[in-house]
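# Observations on the model geometry
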Amino acid sequence: QVRLVESGGGLVQAGGSLRLSCAASRNIHSINNLAWYRQAPGKQREWVATVRLRNSADFADSVKGRFTISRDNAKNTVYLQMNSLKPEDTAVYYCNVVVVTTNYWGKGTLVTVSS
């Protein structure tokens, strides 16, 4: 079982930056994909970014060029650096890992971007 705890959310003005962290309760060095998702009010949860074991990453088109994702296996933590934030980035951001066939989610951290 894996417990995930997100942090780093808050209120920021458009154009600003935030860095989200997701701390895992177990070693992540053997977990291939670590991902961030988000859910805006009234919308479905959507994928944001994934980082793999060798630090290759993929991003949703809506955040490409503005967000970066990274992992620190020594700290069992995955990060989401968000720059040039827009009001449409307002959402609860969730960390996700899949171990074997089980999806694990954190409780999320709220990001609010004011215009």
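From a predicted model like this one, the values you see are computed outputs, not experimental measurements.

### Regarding the state of the cysteines
Two cysteines form a disulfide when their sulfur atoms are joined by a covalent bond. All told, the structure shown has one disulfide when counted by the stated rule. One disulfide in the model links Cys22 with Cys95; its S-S distance is 2.2 Å. Because the torsion about its S-S bond is -85°, the bridge between Cys22 and Cys95 counts as left-handed. Here Cys22, found in strand β3 (residues 18-24), pairs with Cys95, found in strand β9 (residues 91-99); they are 73 residues apart in sequence, far enough to count as distant. Assessed through its relative accessible area of 0%, Cys95 is described here as buried.

### As for the side chain of Ser21
With respect to the helices and strands, the residue Ser21 is situated in strand β3. Owing to a relative accessible area of 16%, Ser21 belongs among the buried residues under this scheme. Dropping the residues within four chain positions of it, Ser21 is found in contact with Val5, Glu6, Ser7, Trp36, Thr77, Val78 and Tyr79.

What counts, and at which threshold
Residues numbered from 1 in each chain as written. Predicted model: local features only at pLDDT ≥ 70, side-chain atom pairs only at ≥ 80, totals over all residues. Heavy atoms only, no water. Disulfide = S-S within 2.5 Å. Helix = DSSP H or I, 4+ residues; strand = E, 2+ residues; numbered from the N terminus. Buried < 20%, exposed > 50% of the residue type's maximum accessible area, 1.4 Å probe, protein only. Contact = heavy atoms within 4.5 Å.

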